[in-house]
Amino acid sequence: MAENRLNEEEKKGWSRRDFIKGAAVSMAGAVALAGLSQKEAVAAEAAKPAATEPPKAKTGAALKLDDVLRVAREKLYPRCRVCPECDGVACAGEVPGMGGIGSGRSFKNNYTSLAKVELHMRTFHNVKKPDTSITLFGEKLSLPILSAATGGTTYNMGLKGKMTDAEYIDAMLGGCRLAGTCGLAADGIGDPLDVFEIRLKAVSKYKGKAIVTIKPKTQEEIIKRIRLIEQSGAFAFAIDIDSAGRAARAVPGQTVEPKTFKQLQELARSTKLPFIVKGIMTLEEAEMAKDAGAAGIVVSNHGGRVLDHTPGTADVLPKIAAKMKGKIVILADGAVRYGTDVLKMLALGADAVLVGRPILRGAVGGGQEGVALMINKMKTELVDSMVMTGTADVKKVGREIIA
Ligand SMILES: Cc1cc2nc3c(=O)[nH]c(=O)nc-3n(C[C@H](O)[C@H](O)[C@H](O)COP(=O)(O)O)c2cc1C
């Protein structure tokens, strides 16, 4: 029945983008509750009073994720439609923006590579209160989920006049602390040094509970930023080495470049801070990063934003982890949406995961509390999936839970 109705709408020329435009978050609920057609539900959604201010949690009144997402959609549209499933379909080609580059295939591959991993359900055991805590470069975290670096509040997210860079990074890092974890601070390619410094101020405010990323700029520029990061108290820094692509190179006045082994070595040797290379998609480069002195890698294709037609990260992670697990810290990201996705990434060999777009929406829609809500939702799902697979400890997730 629902399928027939959708086909009818499609005949009338409705694309999925149009459909999502007015309806993303509460469509399912509206349709189910009121028995509305999708077009009627879109109209009902549009008629709702605007909630342009982040909902405030009053004492005793719980902030709801639905409200956070509705505000996020209002603020982020048309850069992000806050789709019910964040899978890279509606936003294909939207870079700058929130989507994946070109056909959007790399973003979509992240989603499908993870979705096709299935879990064995195991319920004969005594795992009732699984341990989700980890230690990352000496930092104790209560769960293996970190907020990914997301930059460009103006050119990617369209938040000019709605949220400043200072508010955004405060929401991210503060929300992560509320949830017992930490986040990565970005170095957006178009962001001047003073925006980078705004982020470092937030890092200091949250007592260094952050990893700071730097774009693969000239060696001199990177080392200048490493000195600033050291002063901020951050416990590690990362270079998103995969940002040397066309989109980043096209930004006027910016120099980003692929790095040689020697250059990576120079950067690792320039500081005592642990150095993480973000944007590793092959075993060869994981090995090179380690040999160059990196303490960690992020298996990532930048959320599918830098090169069209890469495999999904969940497809390349097992090969990298088979050789590198225990030799270097392995972080992974790409379309991690649920606690089950976190567990899958750990089973495939990651030590912890980064989450980009969903936490971004939490920050825009609900500030610190929105971020914490989003992370806690994933934590609840993670704990539940650990119980349901008989997994006692996130530090010891084995491949045997994968079907
Ligand atoms: C809007 C946006 C901005 C981003 N900016 C940065 C950045 O400045 N530095 C960086 O290392 N990665 C950046 N990323 C990539 C994320 O750190 C992360 O690798 C990716 O978003 C993970 O995929 P997910 O969003 O599907 O979870 C950005 C991603 C998005 C969506």
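Engineer: Residue-level account of the overall build of the chain, with values.
Structural biologist: Looking only at helices and strands, the chain has 15 helices and 10 strands in total. Burial statistics for the chain: of 403 residues in total, 55% are counted as buried. Taking the intrachain contacts of the chain between residues at least 6 apart in sequence as the baseline, contacts between residues at least 24 apart amount to 72%. By element, 56% of the accessible surface of the chain is carried by carbon and sulfur atoms, the whole surface being about 17,600 Å².

Engineer: Explain the site of the ligand to me, and be specific about the residues and the numbers.
Structural biologist: Not every one of the 23 residues close to the ligand is listed here, only the nearest: Ala149, Asp333, Arg337, Gly356 and Arg357. Note that an oxygen atom of the ligand is positioned 3.0 Å from one of the side-chain N or O atoms of Lys278. A distance of 2.9 Å separates an oxygen atom of the ligand from a polar atom in the backbone of Gly356. For the ligand, whose free accessible area comes to 600 Å², the fraction covered by protein is 99%.

Engineer: A description of the packing of helix H5 (residues 65-76) against helix H15 (residues 357-389) should follow, citing residues and the corresponding values.
Structural biologist: Closest axis-to-axis distance for the H5/H15 pair is 9 Å, and the angle between their directions is 145°. The handedness of the crossing between H5 and H15 comes out as left-handed. In contact with Leu65, Val68, Leu69, Val71, Ala72, Lys75 and Leu76 of H5, H15 contributes Leu360, Arg361, Gly362, Val364, Gly365, Gly366, Gly370, Leu373, Met374 and Lys377. Partitioned by chemical class, the residues of the contact of H5 with H15 number 10 nonpolar, four polar and three charged.

Engineer: Explain the side chain of Asp87 to me, using residue names and the numbers behind them.
Structural biologist: With respect to the helices and strands, the residue Asp87 is situated in the loop between H5 and helix H6 (105-115). Assessed through its relative accessible area of 11%, Asp87 is described here as buried. A polar side-chain atom of Asp87 sits 3.2 Å from the main-chain amide nitrogen of Val89.

Engineer: Give me the lowdown on helix H7 (residues 165-178), citing residues and values where you can.
Structural biologist: Spanning 14 residues, H7 covers 20 Å between terminal C-alpha atoms, matching the ideal 20 Å at 1.5 Å per step. Counting buried positions over the 14 residues of H7 gives 10, a clear majority of the element. Along H7, the residues classified as buried are Asp165, Tyr168, Ile169, Asp170, Ala171, Met172, Leu173, Gly174, Gly175 and Cys176. Its buried side turned inward, H7 meets strand E3 (145-147), strand E4 (183-185), helix H8 (193-205), strand E5 (210-214) and H15.

Engineer: How would you explain the environment of Gly233 if you had to name every residue and give the values?
Structural biologist: Inspection of the secondary structure assignment puts Gly233 in the loop between helix H9 (219-232) and strand E6 (236-240). Between the alpha carbons of Gly233 and Lys209 there is a distance of 8.0 Å; along the sequence they are 24 residues apart.

Engineer: Could you give an account of the pattern of salt bridges, naming the residues involved and the relevant values?
Structural biologist: Under the criterion given, the structure shown has 19 salt bridges. The salt bridge partner of Glu287 is Lys323, with a shortest N-O separation of 2.8 Å. Pair noted here: Glu287 is in helix H12 (residues 283-291) and Lys323 is in helix H13 (residues 313-324), with a separation of 36 residues, a long-range link. Taking relative accessible area as the criterion, Glu287 reaches 24% and is therefore assigned partly exposed. On the basis of relative accessibility, which here comes to 41%, the residue Lys323 falls in the partly exposed class. A single salt-bridge network, built from bridges that share partners, covers Asp131, Asp393, Lys395 and Lys396.

Engineer: Which residues make up unusual backbone geometry, and what are the values?
Structural biologist: Among all residues except glycine, the phi angle is most often negative; among peptide bonds, the trans geometry is most common. Note that the residue after Tyr77, namely Pro78, is joined by a cis bond; omega there is 5°. A cis amide bond, omega 0°, links Val95 with the succeeding residue Pro96. Although it is not a glycine, His302 sits at a positive phi angle of roughly 65°. By relative accessible area, which is 16% here, His302 ends up buried.

Engineer: Go over the nonpolar core with me, naming the residues and quoting the values.
Structural biologist: Ranked by size, the top nonpolar core spans 104 residues in total, and within it Leu146, Ile229, Phe275, Ile297 and Ile320 carry the most contacts. The residues contacting Ile320, other than those within four sequence positions of it, are Ile280, Met281, Thr282, Leu283, Ala286, Ile297 and Val299.

Engineer: Hey, could you go over the pairing of strand E10 (residues 352-355) for me, with residue numbers and the actual values?
Structural biologist: Put simply, side chains in a regular strand alternate between the two faces of the sheet. Taking every second residue as pointing to the same face, both faces of E10 are buried, with Ala352 and Leu354 on one and Val353 and Val355 on the other. In terms of strand pairing, E3 meets E10 through three bridges, oriented parallel. When the bridges of E10 are listed, Ile145 appears paired with Val353. By the bridge criterion, three bridges tie strand E9 (residues 329-333) to E10 in an arrangement that is parallel.

Engineer: Residue-level account of the state of the cysteines, with values.
Structural biologist: Considering all chains together, one arrives at zero disulfides under this definition. Free of any disulfide, Cys91 has its nearest neighbouring cysteine sulfur in Cys86, separated by 6.3 Å. Overall, Cys91 belongs to the buried group, its relative accessible area being 13%. The structure places no disulfide on Cys176, whose sulfur is separated from the nearest cysteine sulfur, that of Cys182, by 6.8 Å. Since its relative accessible area comes to 0%, Cys176 is described here as buried.

Engineer: Describe the environment of Ala295, naming the residues involved and giving the relevant values.
Structural biologist: Its place among the elements puts Ala295 in the loop between H12 and strand E8 (296-299). Its relative accessible area of 26% is what places Ala295 among the partly exposed residues. Here the alpha-carbon distance between Ala295 and Lys327, two residues 32 residues apart in the chain, equals 8.7 Å. Contacts of Ala295, omitting those with residues within four sequence positions, involve Phe137, Pro274, Phe275, Ile328 and Val329.

About the cut-offs
Residues numbered from 1 in each chain as written. Predicted model: local features only at pLDDT ≥ 70, side-chain atom pairs only at ≥ 80, totals over all residues. Heavy atoms only, no water. Helix = DSSP H or I, 4+ residues; strand = E, 2+ residues; numbered from the N terminus. Buried < 20%, exposed > 50% of the residue type's maximum accessible area, 1.4 Å probe, protein only. Contact = heavy atoms within 4.5 Å. Areas by Shrake-Rupley, 256 points an atom, 1.4 Å probe, with all protein chains shown as cover. Near = heavy atom within 4 Å. Polar contact = N/O pair within 3.5 Å; in protein donor to acceptor, adjacent residues only side chain to side chain. Axes fitted to C-alpha atoms, helices over the stretch in contact; angles between N-to-C directions. Left-handed = near helix turned anticlockwise from the far one by under 90°. Nonpolar A, V, L, I, M, F, W, Y, C, P; charged D, E, K, R; others polar. Expected span 1.5 Å × (residues − 1). Salt bridge = Lys/Arg side-chain N within 4 Å of Asp/Glu carboxyl O. Core = buried A, V, L, I, M, F, W, Y, C linked by side-chain atoms within 4.5 Å. Pairing = 2+ DSSP bridges. Disulfide = S-S within 2.5 Å.

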